[in-house]
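Notes for the structure review
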Amino acid sequence: MELASLSSNLLFVSFIAYLIATVFFGGAVKGAESETTYKNNRWGNIGIVITVIGFLSHLGYFITRWIASGHAPLSNMFEFTTAFGMMLVGAFILLFYLYRTPSLGLFALPIAVIIIGYASMFPTEITPLIPALKSYWLAVHVITVVIGEAILAISAVAGLVLLLKTVDL
């Protein structure tokens, strides 16, 4: 199997895993009767396992696309947007293990799914870099931007979840 098609298959696997994990996080939020059962819910544990599997598949997509193209897969809008979705899920996984908040997954994973779906609207073929972009600073700069945007996005989602929990509607 060619690396480019393997990378697209891995991205599809992560997309499906994020969809399935969203359902499990919904079950964790719906089935919680107290704060203790909310944080240690079996549905939430299954959801995070599926999310980690999807994230590893997404990371595999990124690595195989990097190998197939010969440069960091951050040179067009498709690659940037899929990397943003990956980092968003990575930031969610970090926050989940810090705070055990399944409701964050109920909001963050659909956003990642929408971002990956939006990325598929752009051309997906691998193209060589133009000479002006053939520098290691491209990878450093764009990866830093993707990480920063993902952390800000997950912070916005966490703020939304907190507002929904505390504000009396």
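Above this text you will find the structure in question.
Calculation criteria
Residues numbered from 1 in each chain as written. Predicted model: local features only at pLDDT ≥ 70, side-chain atom pairs only at ≥ 80, totals over all residues. Heavy atoms only, no water. Core = buried A, V, L, I, M, F, W, Y, C linked by side-chain atoms within 4.5 Å. Buried < 20%, exposed > 50% of the residue type's maximum accessible area, 1.4 Å probe, protein only. Helix = DSSP H or I, 4+ residues; strand = E, 2+ residues; numbered from the N terminus. Contact = heavy atoms within 4.5 Å. Expected span 1.5 Å × (residues − 1). Axes fitted to C-alpha atoms, helices over the stretch in contact; angles between N-to-C directions. Parallel < 35°, antiparallel > 145°, perpendicular 65-115°, else oblique. Left-handed = near helix turned anticlockwise from the far one by under 90°. Nonpolar A, V, L, I, M, F, W, Y, C, P; charged D, E, K, R; others polar.

Observations concerning the nonpolar core
If you look at the biggest cluster of nonpolar residues, it comprises 40 residues, and the most contacted ones within it are Tyr18, Phe25, Val89, Phe92 and Leu109. Among the elements of the structure, α1 (3-30), α3 (42-69), α4 (77-99), α5 (102-119) and α6 (136-166) are those that each provide at least two residues to this core. No other element matches the 11 residues that α4 contributes to this core. Excluding anything up to four places from it in sequence, Tyr18 contacts Thr51, Gly54, Phe55, His58, Val89, Leu109, Val113 and Ile116.

Details of α5
With 18 residues, α5 ought to run about 26 Å at 1.5 Å a step, and its terminal C-alpha atoms sit 26 Å apart, in line with that. Residues of α5 that are buried include every one of Pro102, Ser103, Leu104, Gly105, Ala108, Leu109, Ala112, Val113, Ile115, Ile116 and Ala119, and no others.

What to know about unusual backbone geometry
Even without a glycine there, the phi angle at Arg100 is positive, about 55 degrees. Position of Arg100 relative to the elements: it lies in the loop between α4 and α5. Among the residues examined, Arg100 registers a relative accessible area of 26% and is labelled partly exposed.

Comments concerning the packing of α1 against α3
Close contact between α1 and α3 brings their axes to 7 Å; oriented N to C, the two are set at 165 degrees. Relative to α3, the element α1 lies roughly antiparallel. Where α1 crosses over α3, the handedness of that crossing is left-handed. Here the contact of α1 with α3 is built from residues that sort into 21 nonpolar, 11 polar and 1 charged.

Quick notes on the side chain of Glu79
Turning to its location among the elements, Glu79 is positioned in helix α4. Exposure remark for Glu79: the relative accessible area of 1% places this residue in the buried category. Excluding its chain neighbours within four sequence positions, the residues that come into contact with Glu79 are Tyr61, Arg65, Ala72, Pro73 and Leu74.

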